[in-house]
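In case you want the letters, here they are:
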Amino acid sequence: MTSPNFAFIPRNISKGGKQQRPSPHAASSRRLELTPTHEKESVYLGPSVSDKGKRKESEPLAKPVYNERDISVLVVLAFSDYALWLDSDLRRKTEESLQNEEHDAGFLPLSYLMRRAFGRENLSQEYMPTEANTVKAIRTHAGDVLEVRMLVSAPSSSAWYPSWKPERSSTGGYEVRRKDWSTLLDNATREFTRAQWDDRTIYLENIPAHYHTIPGIVQFAQGLLSQCTGSSIPNSIQNVILPPHHLDKTEDRPKCKGFALVTLCNAELCQIFLESWPWMRSFQPPESDDCNPAEDNLETKEASKFGFRTLPKARWDKLNEEYLAYRQKLINELADANEPPHISPNSDVRDVADNILEDTQAPPRNVTTIYSPYPFGCLVFARNLHLETNKTTLRALFATAFNSSPVNSAGIDYVDFNKGMDSCYLRLASPEHGRILVDRFSSQPVAQSHGLDDIGKTPGVSQKAITTEIIEGKKEEVYWEKVPEKVRRQAVEKVVKALGGKQPSAPAHTTYEHSEESRPRKKRNRC
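These remarks concern the structure in this document.

About the cut-offs
Each chain carries its own residue numbering, running from 1 in the direction its sequence is written. Local features in a predicted model are, by the rule used here, given only for residues with pLDDT of at least 70; side-chain atom pairs are given and counted only at 80 or more, and totals for whole chains, interfaces and linings are based on all residues. Calculated side-chain values reflect all of the structure's heavy atoms, with hydrogen atoms and water omitted. Helix and strand labels come from DSSP, where a helix needs a run of H or I of at least four residues and a strand needs a run of E of at least two; each type is numbered from the N terminus. Burial here depends on accessible area, computed with a 1.4 Å probe over protein chains only, as a share of the maximum for the residue type. Under 20% is buried, over 50% is exposed, and the range in between is partly exposed. Here a residue-residue contact requires only that any non-hydrogen atoms of the pair lie within 4.5 Å. Note on areas: these come from Shrake-Rupley sampling with a 1.4 Å probe, and a residue is covered only by the protein chains present in the view. What makes a salt bridge here is a side-chain nitrogen of Lys or Arg within 4 Å of a carboxyl oxygen of Asp or Glu, nothing more. A helix is expected to span 1.5 Å for every residue after the first. The pairing criterion for strands is at least two bridges between them, as found by DSSP. Interaxial angle, 0 to 180 degrees, is taken between N-to-C directions of lines fitted to C-alpha atoms, where a helix line uses only the stretch in contact.

**A short note on the overall build of the chain**
Okay, so step 1: Of regular secondary structure, the chain possesses 18 helices and 11 strands.
Okay, so step 2: Counting only residues that meet the buried cut, the chain has 35% of its 527 residues in that class.
Okay, so step 3: Taking the intrachain contacts of the chain between residues at least 6 apart in sequence as the baseline, contacts between residues at least 24 apart amount to 73%.
Okay, so step 4: Entry remark: accessible area of the chain is about 34,300 Å², with carbon and sulfur atoms responsible for 53%.

Right under this line is the structure:
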């Protein structure tokens, strides 16, 4: 018997590329595993019919859509001469890269450049386009300006990121460099000053509505330049600034409001712009040798339709300063108009007025009337009470302050106290009762020796005396807001009667017969 000359081969390998029909159990488990992913992707597809109206607040914002031309424009701006002059880190890394061999000179990681290209948009990582889309956009629309290559192995991230940053793992396998990399070190713009760049910057106003993005403004400006010069100038736009509103925050995404500051590559292009689209102009296309109205492109027609015009940045800065000064002047005039007129009387009138004011008594600050929301000055807060005391004991204790006073001894309307607390609120019959009570416990400090002590004693060395204070202002208002409206009305009427001298001379229990403590108890139904 001959032995078999083949080993055991698992079924999934022996079947090769043939697909097996999965079992019902496997299919169900696979559906369960894919369910979270499908739910996550469906968030961006819009709510279903059953979910309408349920995810208005939790539904994320739609991702901004960038076409290939927009992506290429933003990347080119991030690697322009102006960006190399402004960004010291980009300039340093470019200069270091230019020291490499010829086949590696000038290349930077594409992901590094993408963060600078989309950083001005204040976008998070999840909203940025992929590197594959960026490479396709560069090769399609910016192949005459940038050169892209793919690496077999990703470049070392230690040269671009500190060890503590999470972006180390995001370095992709693409690198990009400018086509004119060999002349970057000899470029005159490396030694430019701020004033020289300002001379190459113009202010654009009345930009057509469908160009209100940074890539749109670049496309709009390049279309106007190509119409006037007769040819397309690569890398002619160096930078675009959207002036922010004075109320915008630093983290807000910049928005175009119909105007922008555009920096061009040379002063000649600025002059062409300023002459073709001057600040003071009619809404008709300019007729000149450089621009032929019969062959106007789309950008020229839109510019004429919206009244597009330009201005040098130096002139715009001056007009902006005049505008800010005029706005501040209006604010100051408005503030002065709201102030009362200042009248300076002569010395005789001032002396007579001072004598009258000295003889006139100041009116009371808060006087309780029948229309008052609550009785003013009738709330006293007491602390350092015995923890085992009760309302009856506290009423008798604080009533001792009125024994030798001319006011009615039944001045405590209600004791607002909870068992186990060392403080309470006292609602009094009049503001005079409150002042007398506070003066009495301030001049003669006492403390409770036990929970049923309704007389008090002189506090010992280690014992705190009972302190009282009249509650006024916001604290008083907040307290009375929690009291029922009916009780507040009764308290106001009682104080008004006391202040008007109409307080009845009745027994003590009739004075607060309508208070919260004297409410009739509900009878319990016995089964």
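The discussion continues.
**What to know about the pattern of salt bridges**
Once the charged atoms of two side chains with opposite charge are near each other, the side chains can pair.
Okay, so step 1: Overall, the coordinates contain 20 salt bridges when judged by the stated rule.
Okay, so step 2: One salt bridge in this structure joins Arg190 and Glu95, with 2.7 Å as the shortest N-O distance. Placement of the pair is Arg190 in the loop between strand S3 (174–178) and helix H8 (194–199) and Glu95 in helix H5 (residues 88–97), with a sequence separation of 95 residues.
Okay, so step 3: With a shortest N-O distance of 3.7 Å, Arg489 and Glu485 are connected by a salt bridge. With Arg489 and Glu485 both in helix H17 (residues 485–499) and four residues apart, this pair spans about one turn of that helix.
Okay, so step 4: The class for Arg489 is partly exposed, based on a relative accessible area of 25%.
Okay, so step 5: Residue classification places Glu485 among the partly exposed positions, given a relative accessible area of 43%.
Okay, so step 6: Several salt bridges share partner residues, and in doing so they unite Asp87, Asp89, Arg92, Lys93, Glu96 and Arg116 into one network.

**Concerning helix H15 (residues 431–443)**
Okay, so step 1: When the terminal C-alpha atoms of H15 are compared, their 18 Å separation across 13 residues agrees well with the 18 Å that a helix rising 1.5 Å per residue should span.
Okay, so step 2: Restricting attention to buried positions, one finds in H15 the residues Pro431, His433, Gly434, Ile436, Leu437, Val438 and Phe441.
Okay, so step 3: Elements that come into contact with the buried residues of H15 comprise strand S8 (379–383), helix H14 (391–399), strand S10 (423–428), strand S11 (467–470) and H17.

**Quick look at the sheet that holds S11**
Okay, so step 1: Overall, antiparallel pairing links the four strands, which are arranged S9-S10-S8-S11 in an open sheet. Taken across any chain shown, the strands that pair with only one partner, and hence form the sheet edges, are strand S9 (412–416) and S11. On average, each strand axis in the sheet is inclined to that of its neighbour by 25°, with strand direction left out of account.
Okay, so step 2: In the sheet, S8 pairs with S10 via five bridges, with the strands oriented antiparallel. Along S10, the bridge assignment pairs Arg383 with Ser423.

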